[in-house]
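Here is what each chain is made of, one letter per residue.
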Amino acid sequence: MTLFVQEIPVSDISPKTIQETPLPSTDPLIARSLQKEQYFGIIWLAIALIAAVGFFSRRVEYAIGFAIVLSAILIAFLLFV
């Protein structure tokens, strides 16, 4: 059995490099600077939920508040360690 080997010519053109930083685009489908409003809305909804629960049961309101504060402390601790 005979195998034929073909040599592949080496190209003088260097491979294209991948650009790491994207160019600024004006794509209208990408939402820009809406993150602050989203955070504000989420925080407002959380406060409204705690207030609504607190209207019916003060103990549950304290439990939810304690859980949120404890979660924030644990998340901050784990992020910085």
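Student: Hey, could you run me through the overall build of the chain in this one?
Tutor: In terms of regular secondary structure, the chain is built from two helices and zero strands. Counting all 81 residues of the chain, 4% fall into the buried class. Split by element, the accessible area of the chain, about 8700 Å² in all, is 70% carbon and sulfur.

Student: Even after reading the chapter, I still don't get the pattern of salt bridges, so can you show me in this structure?
Tutor: As a working rule, side chains carrying opposite charge can pair if their charged atoms are close by. Taken as a whole and assessed by the stated rule, the structure comprises one salt bridge. The closest approach of N and O atoms between Arg58 and Glu61, which form a salt bridge, is 2.8 Å. Within this pair, Arg58 and its partner Glu61 are both found in helix α2 (residues 58-80), separated by three residues, close to a single helical turn. For Glu61, a relative accessible area of 17% puts it in the buried group.

Student: I tried to follow the environment of Tyr62 on my own but got confused; where do I start?
Tutor: The topology assignment puts Tyr62 in helix α2. For Tyr62, a relative accessible area of 56% corresponds to the exposed category. Taking the C-alpha atoms as reference, Tyr62 lies 8.7 Å from Ile50; in sequence the two are 12 residues apart.

Student: Looking at this model, I keep getting lost on the packing of helix α1 (residues 35-56) against α2. Mind explaining?
Tutor: Pairs of packed helices are described in terms of their axes, by the angle between the two and the distance that separates them. Put simply, α1 and α2 touch, their axes get as near as 6 Å, and they point 150° apart. The angle between α1 and α2 places the two elements in the roughly antiparallel class. Contacts from Ile50, Val53, Gly54 and Phe56 in α1 reach Arg58, Val60, Glu61, Ile64 and Ile68 in α2. Residue composition of the contact of α1 with α2, by class: six nonpolar, one polar and two charged.

Student: Just checking my understanding: could you explain the packing of aromatic side chains for this structure?
Tutor: Both the distance between ring centres and the angle between the ring planes are used here to describe each pair of aromatic rings. In this structure the tally under the stated criterion is one aromatic pair. Aromatic side chains Phe55 and Phe56 sit 5.3 Å apart centroid to centroid with 80° between the ring planes, which places their arrangement in the edge-to-face category. What makes Phe55 exposed here is its relative accessible area of 67%. Classification of Phe56 by relative accessible area gives exposed; the value is 72%.

Student: Please explain a nonpolar patch on the surface as it appears in this structure.
Tutor: There is a patch of nonpolar side chains on the surface, built from Tyr39, Ile42, Ile43 and Ile47 and spanning about 450 Å² of accessible area. If you trace the backbone, Ile47 turns up in helix α1. By relative accessible area, Ile47 is classed as exposed at 55%.

Thresholds, definitions, all that
Residues numbered from 1 in each chain as written. Predicted model: local features only at pLDDT ≥ 70, side-chain atom pairs only at ≥ 80, totals over all residues. Heavy atoms only, no water. Helix = DSSP H or I, 4+ residues; strand = E, 2+ residues; numbered from the N terminus. Buried < 20%, exposed > 50% of the residue type's maximum accessible area, 1.4 Å probe, protein only. Areas by Shrake-Rupley, 256 points an atom, 1.4 Å probe, with all protein chains shown as cover. Salt bridge = Lys/Arg side-chain N within 4 Å of Asp/Glu carboxyl O. Axes fitted to C-alpha atoms, helices over the stretch in contact; angles between N-to-C directions. Parallel < 35°, antiparallel > 145°, perpendicular 65-115°, else oblique. Contact = heavy atoms within 4.5 Å. Nonpolar A, V, L, I, M, F, W, Y, C, P; charged D, E, K, R; others polar. Phe/Tyr/Trp six-rings, centres within 6.5 Å; stacked < 30°, edge-to-face > 60°. Patch = residues over 30% accessible without salt bridge, like charges linked within 9 Å, V, L, I, M, F, W, Y side chains within 5 Å.

Treat this as a map of the structure, not an account of what it does.
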